[in-house]
Amino acid sequence: MAEVRRQLTYKTTWRGGRLVVADRWFPSSKTCSACGAVKAKLALAERTYACTACGLVLDRDVNAARNLAALAARYEHDVAQSCGETENARGAGVRPTRVGCRQ
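Please read all numbers here as calculations on a predicted model, not as lab measurements.

Chemist: What am I meant to see in the side chain of asparagine 67 here?
Modeler: Here asparagine 67 shows up in helix H2 (residues 60-74). A polar atom in the side chain of asparagine 67 sits 2.6 Å from the backbone oxygen of threonine 31. With near-sequence residues (within four places) excluded, asparagine 67 lies in contact with Phe26, Ser28, Thr31, Cys32 and Ser33.

Chemist: Teacher, can you tell me more about the nonpolar core here?
Modeler: In a soluble, globular protein the nonpolar side chains are often hidden away together inside. Counting residues in hydrophobic clusters, the biggest one holds six residues: Cys32, Leu42, Tyr49, Cys51, Leu56 and Leu58. Those residues in contact with cysteine 32 that lie beyond four places of it in its chain are Ala37, Tyr49, Cys51, Cys54, Leu56, Asn63 and Asn67.

Chemist: I'm lost on the confidence of the model for the chain in this one. Help?
Modeler: Confidence in the prediction for the chain averages 83 pLDDT; 74% of positions are at 70 or higher. Mean pLDDT in the chain bottoms out at helix H1 (residues 2-14), which sits at 93, and peaks at strand S2 (residues 57-59), which reaches 97.

Chemist: Quick question: what am I supposed to make of the state of the cysteines here?
Modeler: Chemically, a disulfide is nothing more than a covalent bond linking the sulfur atoms of two cysteines. This structure, assessed with the given rule, holds zero disulfides. The structure places no disulfide on cysteine 32, whose sulfur is separated from the nearest cysteine sulfur, that of cysteine 54, by 3.6 Å. Distance from the sulfur of cysteine 51, which forms no disulfide, to the nearest cysteine sulfur (cysteine 32) is 3.7 Å. Residue cysteine 51 is classed as buried on the basis of its relative accessible area of 8%.

Chemist: Help me understand the pattern of salt bridges in this model?
Modeler: Counted by the stated rule, this structure contains two salt bridges. One salt bridge connects arginine 6 with glutamate 3, and the closest N-O pair in it is separated by 2.9 Å. With arginine 6 and glutamate 3 both in helix H1 and three residues apart, the pair spans about one turn of that helix. Taking relative accessible area as the criterion, arginine 6 reaches 46% and is therefore assigned partly exposed. Aspartate 61 is the salt-bridge partner of arginine 47, the closest N and O atoms lying 3.0 Å from each other. In this pair, arginine 47 is assigned in the loop between H1 and strand S1 (48-50) and aspartate 61 in helix H2, connecting sequence segments 14 residues apart. Judged by its relative accessible area of 39%, arginine 47 falls in the partly exposed class.

Chemist: Hey, could you run me through a nonpolar patch on the surface in this one?
Modeler: A contiguous nonpolar patch, built from Met1, Val4, Leu8, Leu19 and Val21 and spanning about 500 Å² of accessible area, is present on the exposed surface. Relative to the elements of secondary structure, methionine 1 occurs in the segment before H1.

Calculation criteria
- Residues numbered from 1 in each chain as written.
- Predicted model: local features only at pLDDT ≥ 70, side-chain atom pairs only at ≥ 80, totals over all residues.
- Heavy atoms only, no water.
- Helix = DSSP H or I, 4+ residues; strand = E, 2+ residues; numbered from the N terminus.
- Polar contact = N/O pair within 3.5 Å; in protein donor to acceptor, adjacent residues only side chain to side chain.
- Contact = heavy atoms within 4.5 Å.
- Core = buried A, V, L, I, M, F, W, Y, C linked by side-chain atoms within 4.5 Å.
- Buried < 20%, exposed > 50% of the residue type's maximum accessible area, 1.4 Å probe, protein only.
- pLDDT = per-residue confidence, 0-100.
- Disulfide = S-S within 2.5 Å.
- Salt bridge = Lys/Arg side-chain N within 4 Å of Asp/Glu carboxyl O.
- Patch = residues over 30% accessible without salt bridge, like charges linked within 9 Å, V, L, I, M, F, W, Y side chains within 5 Å.
- Areas by Shrake-Rupley, 256 points an atom, 1.4 Å probe, with all protein chains shown as cover.

What follows is the structure in structure tokens.
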């Protein structure tokens, strides 16, 4: 897994992106993606997530994916927005346009 993470970090940086890494103990499976309630315990055998607070019922992995997507979205404001700052021609004869951007 260390090699996968190293390559993701390298390639994301090379392409001008940003890799958001969730903490090892981030409770993505135990947190309700609808209301944010956190279950104290959730057995690995439980494949369906059922929130006792709001009644949400869905696949455990889908719930975790929604929580991880929300975590990544929190960092979205840190990334430069579409005025050429994150564009990368990588040696090609392309220049980013500045149409609609403040100069």
